[in-house]
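# Analysis of the macromolecular model
Okay, here's what each chain looks like letter by letter:
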Amino acid sequence: QVQLVESGGGLVQAGGSLRLSCAASGRSFSGSTMGWFRQAPGKEREFVAAITWSGAYTNYEDSVKGRFTISRDNAKSTVSLQMNSLKPEDTAVYYCAARVRGSWNSRDPADFGSWGQGTQVTVSS
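A brief look at the structure comes next. Bear in mind that the values here come from a model prediction, so they are computed numbers and not experimental data.

Each value, and the rule that gives it
- Residues numbered from 1 in each chain as written.
- Predicted model: local features only at pLDDT ≥ 70, side-chain atom pairs only at ≥ 80, totals over all residues.
- Heavy atoms only, no water.
- Disulfide = S-S within 2.5 Å.
- Helix = DSSP H or I, 4+ residues; strand = E, 2+ residues; numbered from the N terminus.
- Buried < 20%, exposed > 50% of the residue type's maximum accessible area, 1.4 Å probe, protein only.
- Salt bridge = Lys/Arg side-chain N within 4 Å of Asp/Glu carboxyl O.
- Core = buried A, V, L, I, M, F, W, Y, C linked by side-chain atoms within 4.5 Å.
- Polar contact = N/O pair within 3.5 Å; in protein donor to acceptor, adjacent residues only side chain to side chain.
- Pairing = 2+ DSSP bridges.
- Axes fitted to C-alpha atoms, helices over the stretch in contact; angles between N-to-C directions.

## Digging into the state of the cysteines
Scanning the entire structure with this criterion turns up one disulfide. The residue that forms a disulfide with Cys 22 is Cys 96, at a sulfur-sulfur distance of 1.9 Å. Looking down the S-S bond of the Cys 22 and Cys 96 bridge, the torsion is 60 degrees, so its handedness is right-handed. In this pair, Cys 22 sits in strand S3 (residues 18-25) while Cys 96 sits in strand S9 (residues 92-99), placing the two residues 74 residues apart along the sequence. The two residues Cys 22 and Cys 96 agree in class, both being buried.

If you want it as structure tokens, here you go:
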């Protein structure tokens, strides 16, 4: 299994930016689709973005398209999420995970594993 640790969260005003990072250890994750998910209080965990092992294909939730950018550096075993033009509705705990089943472009949290501990993102108005 892969151990994942998220970092980079914090408090930011609406319209601001944050860059989240996910560091992997334990084994290589370069062969897997990596995804970012988020969970707000009282809501289910939802898909945010994903990227294939080569970075050739990316997948975004509609609400973050044009604002968030996912990237990965397999040599450094990291995946990042650049978040721009943040909105209060982006407030959530953000998690990274590796796809362990399903199709390469799955958006289902059940198809991912090795979840990190999460990093809190709070966007104030």
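Having put the structure on the table, let's press on.
## Things to note about the pattern of salt bridges
Two side chains bearing opposite charge may form a pair once their charged atoms approach each other closely. A complete count under the given rule lists five salt bridges for this structure. Where Asp 90 meets Arg 38, a salt bridge forms, and the shortest distance between an N and an O atom there is 2.9 Å. In this pair, Asp 90 sits in the loop between strand S8 (78-83) and S9 while Arg 38 sits in strand S4 (residues 34-39), placing the two residues 52 residues apart along the sequence. Of the two residues, Asp 90 and Arg 38, neither departs from the other in class, the shared state being buried. The partner of Arg 67 in a salt bridge is Asp 90, and the shortest N-O contact between them spans 2.8 Å. Of this pair, Arg 67 sits in the loop between strand S6 (58-60) and strand S7 (68-73) while Asp 90 sits in the loop between S8 and S9, and the two are 23 residues apart along the sequence. As far as burial versus exposure is concerned, Arg 67 and Asp 90 are alike and both buried. Connected through salt bridges with shared partners, the residues Arg 38, Glu 46, Glu 61, Arg 67 and Asp 90 form a single ionic network.

## So, the nonpolar core
Grouped together as the largest cluster of nonpolar side chains are 26 residues, with contacts concentrated most on Trp 36, Leu 81, Met 83 and Tyr 94. Listed by contribution, the elements that provide at least two residues to this core are S3, S4, strand S5 (46-51), S7, S8, S9 and strand S11 (119-124). If you look at the next biggest cluster of nonpolar residues, it comprises five residues, including Phe 37, Ala 50, Ala 97 and Phe 112.

## Focus on the side chain of Arg 38
Accessibility expressed as a relative area gives 5% for Arg 38, which makes it buried. In terms of polar contacts, Arg 38 uses its side chain to reach the side chain of Glu 46, at 2.8 Å. Here the side chain of Arg 38 touches Glu 61 through a polar contact of 3.2 Å, side chain to side chain.

## Notes on the sheet that holds strand S1 (residues 3-7)
Taken together, four strands build an open sheet; the order of strands is S1-S3-S8-S7 and the sheet is antiparallel. The open sheet has two edge strands with one neighbour each: S1 and S7. Going from strand to strand, the sheet's axes swing by 15 degrees on average, the running direction of each strand aside. Of the strand pairs in this sheet, S7 and S8 are connected by six bridges, and their pairing is antiparallel. Paired with Phe 68 across the strands is Met 83, a residue of S8.

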